[in-house]
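# Chain and residue survey
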Amino acid sequence: GFLSENAAFALACEQEGLAFVGPTPAQIECFGLKHTARELARAQEAPLLPGTELLETVAEARAAAERIGYPVMLKSTAGGGGIGMRLCRDAETLERSFASVQRLGRSHFSHAGVFLEKFVEQARHIEVQVFGDGRGEVIALGERDCSLQRRHQKVIEETPAPALPDPVRRALHRTAARLMRAVRYRSAGTVEFIVDAASGEFYFLEANTRLQVEHGVTEQVTGVDLVEWMVRLAAGDLPPLDTLAVAPRGHSIQARLYAEDPARQFQPQSGLLTEVAFPDWARCDTWIETGVEVPAHYDPLLAKIIVRGEDREQALAALGRALRETRIGGIESNLAYLRAVVDRDAAFRAGRHITRTLGEFEYRPAVIEVLAAGTLTTVQDWPGRLGYWDVGVPPSGPMDDLAFRLGNRLVGNSPGAAGLEFTMNGPTLRFHGPAVIALAGTEMPATLDGHPVRFWTPLAVPAGSILQVGQARTGARAYLCVRYGIAVPDYLGSRATFTLGRFGGHGGRALRLGDVLPVRPSAPDGGERPFDASQIPRYEPEWELRVIYGPHGAPDFFTEDD
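Cut-offs used in this document
- Residues numbered from 1 in each chain as written.
- Predicted model: local features only at pLDDT ≥ 70, side-chain atom pairs only at ≥ 80, totals over all residues.
- Heavy atoms only, no water.
- Helix = DSSP H or I, 4+ residues; strand = E, 2+ residues; numbered from the N terminus.
- Buried < 20%, exposed > 50% of the residue type's maximum accessible area, 1.4 Å probe, protein only.
- Contact = heavy atoms within 4.5 Å.
- Pairing = 2+ DSSP bridges.
- Axes fitted to C-alpha atoms, helices over the stretch in contact; angles between N-to-C directions.

### A closer look at the environment of Cys30
Following the sequence through the fold, Cys30 ends up in helix H2 (residues 25-32). Note on Cys30: relative accessible area 25%, which makes it partly exposed. The spatial distance from the C-alpha of Cys30 to the C-alpha of Ala64 is 24 Å, given a sequence separation of 34 residues. Setting aside its immediate chain neighbours within four residues, Cys30 contacts Thr36, Ala37, Leu40 and Val183.

In C-alpha cells, the structure reads:
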C-alpha cells in the first residue's frame, strides 16, 4: 500500500540490509511532496503551470488566486488518487475549500500543506512511464493517456495517447527522462503532465515513485514485464538499460472495475460476490472470485480489464467485448457504466476526451433500488431450483407459480424470467431507469409516485419513479414482474433465492435497504400478452386443504382429526 512511497520505510529497509524494490529514500522524499517536485522540475526547465509555494492562510490563497486568475486548482501537496483536490472558480469556493483540503491531507497523508495551480479547462492527463538504473541512465517506455477520469480518479487508461501530435509526444518523453536523470532515478516511475488540448502545450504535474495501477497497458505494447525489471534491478542482475530499450507496438486499453454504485453517486459497495467471471482471452488483473466478501475498509478497485489491438480501433472493439463477457453478481459495480462509456461516449471513441469528459456523460442505469425491503422480499424464477433434494436442497421458486407466470406474461417475458416475490408486506422501490412492470398475486395496496396502481395490468414506469407496496389483504404473496427480468446470477440451474442455503437470487438472501437490482437490458421475448380475467387466481380468506399421510410420521405433524 502506501509503504511503496514511504521514504522512512525504504530507509529502514536499507539500514537492515534489505533491498527495497523501488527508488532510493531520497528520491521518494524529493518527489513525494508536489511542491518540492515542482521546484525540481523548475530546475530542469520542465514547463510548469502558474502556481504557488505552500500556502499558510486563506488570505494568502485568495491573493495568489487573484494573481494567477480563476479558475484554480487547490491541491494537497501529499497523496494522490484525486484525494485533496478542489476546483475553485471563485473566491467563495476557495475560502470554503481551504480548511477541507488541509484536513484531508493531514488525515490521509500526515501533511496539511496546500498550494494552488492554474486550472486548464481543456486538460488531458498524460503520463510517461520511465525506468532508471540508479546510475544516471533513464529510458522512457512510452506514454499513457489517463484523461478519462471521474472526480480526479482514473477510470480508463490507454497507450499510446490518441490524437497526440508526435512532436508533443517526443517532447514529453525527453522531459520525463531528463527530470529523472537529474536525480539518478532508480527503478520504475511515472512522470505526469497536463496537456492543454486547445493549445498543445504541456506542463509538469507530478512524479510517482512507484508502479502505477495502469502499468499493464505499457507492458502489453512493449512486451516488458516492469515488475521483473524492478526485482532484477534490486537483485543486481538487470542488463544495461541501453540494451533493453524497446519500441512500443499496437494499442492497449485498461478499464478499472470498481465496487461502486453509479445509481447513487458512485458510493462504494461491499458484500458477498455471488458470481465473478472474466474473459479468459483478456488480461484481467484481479483479487476476487465467486464467494469472496468485498469489505468496506479498502479501495473499491476489484479488477483491471486490459486488452490489446494492432490499433486503437481493434483495442476498443476488444474492450467492448471483454466488458460484455465480464459478469459480477451480488453487489453493485461500475461494469454497466463502463460498457455505456465505451459504447456511447463520442469523445472517448474519437480519442478526443479530456479530464472533464465523464463529468458531462449522461448515464441512467436500468436498476431498481430498494428503499424499504418489506417483510420478506426475494428474487424468484420458475420452475425454480429442481432436482437437488438428494443433496439437501429443496425446490426453490415462487410459492404461487401460477400468479408469477401470468405476471411475466403481462410484461412480455418468458414464464421463467426472474422477478420479485413479496411475503405479507411489500417493499418500496425506486426505478432509476424506465421500465414496464406488472403486479400479480394476492392484492396489496400499491402506489406509483403516490397514485394507486392496479394488479394484473402492465404499467409503464418513468425513470425516477417510486413504487410502494403495502400489506396483503388476503393470502400471503404477491409478485413484481419487470420486462426482461431481474439480472442475477444463475446458481444450480436457477436464479431463485434459497435463503436457508444462502445462495441464489441477490446475495443468497432476502432484500435489504440499499440493495440495487439490475434489470436485464434486453431479452428475446415478445410484447405484452394479456389474458382473460377468468384466469386470474382468486384469493379467498379461507381455504380448505385435503391432507394425506406423507413421508414424515403422524401424529408428529398431523393427527387423524386434522
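Structure's up, so let's keep going.
### Some words on the sheet that holds strand S7 (residues 186-196)
Strand order in the open sheet formed by eight strands is S8-S7-S4-S5-S6-S9-S16-S14, and the pairing between neighbours is antiparallel. Either end of the sheet is taken by a strand with one partner, and the two such strands are strand S8 (202-208) and strand S14 (283-286). Neighbouring strand axes in the sheet, compared pairwise and without regard to direction, differ in orientation by 25° on average. Bridge analysis of strand S9 (residues 251-258) against strand S16 (residues 301-309) gives eight bridges, and the strand direction is antiparallel. Each residue of the ladder has a partner; that of Leu257, found in S16, is Ala303.

### Points about the pairing of strand S4 (residues 123-133)
With respect to burial, S4 is a largely interior element, 11 of its 11 residues being buried. Of the two faces of S4, the one holding Ala123, His125, Glu127, Gln129, Phe131 and Asp133 and the one holding Arg124, Ile126, Val128, Val130 and Gly132 are both buried throughout. When S4 meets S7, the two strands line up antiparallel, connected through 11 bridges. Residue pairing across strands places Phe131 opposite Ala188, the latter belonging to S7. In terms of strand pairing, S4 meets strand S5 (residues 138-150) through six bridges, oriented antiparallel. From the neighbouring strand, Glu127 faces S5, where its bridge partner is Arg144.

### Some remarks on unusual backbone geometry
That bond from Tyr70 to Pro71 is cis: its omega, 0°, falls within 30 degrees of zero. Backbone torsion omega between Thr159 and Pro160 reads -5°, so that peptide bond is classified as cis. Structurally, the position occupied by Pro160 is in the loop between strand S6 (153-159) and helix H6 (166-181). Positive phi is not limited to glycine here, since Ser187 has a value of about 85°. Of note, Ser187 is situated in strand S7. Given a relative accessible area of 1%, Ser187 falls into the buried group.

Interpretation in functional terms is not warranted from these geometric data alone.
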